[in-house]
Amino acid sequence: MSEGTMQRRAQREQPERAKRLTRVLVCAAAVPVMLVATGCSSDSGPDDGGGGDKAASASASASPSPTVQAAAYRTLPEACRALSKKTLEDLAPKAKSGKEGSSDDVASRASCSWSSLDNNGVKGSQFRWLNVSLLRFESDTTRGPGDKLAQEYYDKQVREIRATPGAKGLNAQAVTGTGDEATAVRYDLKKKEGTFKQQTVVVRVENVVVTLDYNGAGLAGDKTPDAAALLADAKKAAKEAVLSVTRANGPAAASGSPSDPASGRPSAPASKAPSASASGKS
């Protein structure tokens, strides 16, 4: 075979070898790619924990929403009608009418006050001031049941009254037979007009707090009223206000059972109703 013929044959075979080499390299490169793909495929199988996350998510979504016991009382009486006509005549005889306090929700907070001035001319005057405040708390899934919220406010009220600036001879005592818990605080408060005998009775009944203030003074030389008598009147009025709260909620508030006339409390657990939060000071 001539040299020219051999050279032409070699030139023809060279592209064929190049093509075969290229195919080999391509196949070799494809092997790790397939291995990687196979590895990823096996990692995404049922053992990768993805199914567990879905199950946990489904379990969480199926969990029941938080609940809280509904508050016993759902409304308040009219504050200016919380005390009987006779009680008002005894405690504030010269008061013409009660002054209702401002409120954006009278079913949750209400108040009324009466001022009485018995003017005896040169013999002096007897002054009386009476105020009743009612504050109702609703149960709340975040803050807790209404009676618990009312108890917290009751405790705060008593602390604040006992810390009244300028109070002289302060005395606090528990009051029995009125609501779930009650405290009476009495003290003297000197003003330029004279010495005022202050009596405050704070009562919690279920999810409502009743605060009754009653003070008296002898002005222009008249004698100072008896503090013990004022306190007895304040306790009586506070008990009456508590009964007004119970009656305002009707038989449903006591599950159809009559109220205990001594305390103003339902004699059976209160009926449950959907509720929302409420707080604040009347």
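Residues numbered from 1 in each chain as written. Predicted model: local features only at pLDDT ≥ 70, side-chain atom pairs only at ≥ 80, totals over all residues. Heavy atoms only, no water.

**Q** Tell me about the environment of Lys235, residues and numbers included.
**A** Looking at the secondary structure, you find Lys235 in helix H5 (residues 227–248). A relative accessible area of 26% means that Lys235 is categorised as partly exposed. It is 9.5 Å that separates the C-alpha atoms of Lys235 and Val202, two residues lying 33 residues apart in sequence. Dropping the residues within four chain positions of it, Lys235 is found in contact with Gln173, Val175, Ala184 and Val201. (Helix = DSSP H or I, 4+ residues; strand = E, 2+ residues; numbered from the N terminus. Buried < 20%, exposed > 50% of the residue type's maximum accessible area, 1.4 Å probe, protein only. Contact = heavy atoms within 4.5 Å.)

**Q** With reference to specific residues and values, describe the sheet that holds strand S6 (residues 194–205).
**A** On the basis of which strands lie adjacent, the open sheet formed by 7 strands has the order S1-S2-S3-S7-S6-S5-S4 and antiparallel pairing. In this open sheet, the two strands that pair with only one neighbour each are strand S1 (99–100) and strand S4 (168–174). Pairing analysis gives 12 bridges linking strand S3 (residues 125–136) to strand S7 (residues 208–219), with the strands arranged antiparallel. Bridge pairing links Leu135 to Val209 in S7. Where H5 meets the sheet, its contacts fall on S3, S4, strand S5 (181–191), S6 and S7, and the angle it forms with S6 comes to roughly 30°. (Pairing = 2+ DSSP bridges. Axes fitted to C-alpha atoms, helices over the stretch in contact; angles between N-to-C directions.)

**Q** Lay out the state of the cysteines with the relevant residues and their values.
**A** For the structure shown, the criterion picks out 1 disulfide. One disulfide in the model links Cys80 with Cys112; its S-S distance is 2.0 Å. Between Cys80 and Cys112, the disulfide has an S-S torsion of 95° and is therefore right-handed. Taken together, the positions of Cys80 in the loop between helix H2 (50–62) and helix H3 (85–91) and Cys112 in strand S2 (residues 109–119) put the pair 32 residues apart, joining distant regions of the chain. When its relative accessible area of 1% is taken as the criterion, Cys112 is described as buried. (Disulfide = S-S within 2.5 Å.)

**Q** Could you give an account of the packing of aromatic side chains, naming the residues involved and the relevant values?
**A** The description of two aromatic rings rests on the distance between their centres and on the angle between their planes. For the coordinates displayed, the defined rule picks out 2 aromatic pairs. Arranged with centres 6.0 Å apart and planes meeting at 80°, the rings of Phe127 and Phe196 form a pair that is edge-to-face. Taken as a pair, Phe127 in strand S3 and Phe196 in strand S6 lie far apart in primary sequence, 69 residues in all. Accessibility expressed as a relative area gives 9% for Phe196, which makes it buried. Ring centres of Phe137 and Tyr153 lie 5.6 Å apart, and the angle between their planes is 45°; this geometry places the pair in the tilted category. One end of the pair, Phe137, is in the loop between S3 and helix H4 (146–162); the other, Tyr153, is in helix H4, with 16 residues separating them in the sequence. The pair Phe137 / Tyr153 is uniform in exposure class, with both members buried. Across the ring face of Phe196, the terminal group of Lys191 is positioned such that the distance to the ring centre comes to 4.9 Å. (Phe/Tyr/Trp six-rings, centres within 6.5 Å; stacked < 30°, edge-to-face > 60°. Lys NZ or Arg CZ within 6 Å of the ring centre and 35° of its normal.)

**Q** Tell me what's going on with the pattern of salt bridges, and back it up with residues and numbers.
**A** Going through the model one piece at a time under the given rule, you end up with 7 salt bridges. The residue Arg136 makes a salt bridge to Glu138 at a minimum N-O spacing of 2.7 Å. The buried category is assigned to Arg136, whose relative accessible area is 5%. Among the salt bridges present, the one from Lys148 reaches Glu152, with a minimum N-O distance of 2.7 Å. You can see Lys148 and its partner Glu152 sitting in helix H4, 4 residues apart, about one turn around the helix. Judged by its relative accessible area of 39%, Lys148 falls in the partly exposed class. Residues joined by salt bridges that share partners form a network here, namely Asp180, Glu181 and Arg204. (Salt bridge = Lys/Arg side-chain N within 4 Å of Asp/Glu carboxyl O.)

**Q** So what's going on with the nonpolar core? Residues and values would help.
**A** Residues Leu83, Trp114, Leu130, Val132, Val210 and Leu212 are the most contacted members of the largest nonpolar core, which totals 31 residues. Among the secondary structure elements, those contributing two or more residues to this core are H3, S2, S3, S5, S6, S7 and H5. Look past the residues within four positions of Val132 in its chain and what remains in contact with it is Ala79, Ala110, Ser111, Cys112, Trp114, Val210, Thr211, Leu212 and Ala241. In terms of nonpolar packing, the next biggest core, distinct from the first, is built from 12 residues, Ala150, Tyr153, Val158 and Val209 among them. (Core = buried A, V, L, I, M, F, W, Y, C linked by side-chain atoms within 4.5 Å.)

**Q** Describe the confidence of the model for the protein chain, and please don't skip the residues or the numbers.
**A** Within the protein chain, residue pLDDT values average 79, and 66% of them lie at 70 or more. Mean pLDDT across the elements of the protein chain bottoms out in helix H1 (residues 3–43) (48) and peaks in H4 (98). A low-confidence stretch, residues 24–46 stays under pLDDT 50, and its non-local contacts, those more than four residues away or across chains, total 1 contact. Considering only residues more than four positions removed or in separate chains, one finds that residues 265–282, a stretch of pLDDT under 50, has 63 contacts. (pLDDT = per-residue confidence, 0-100.)

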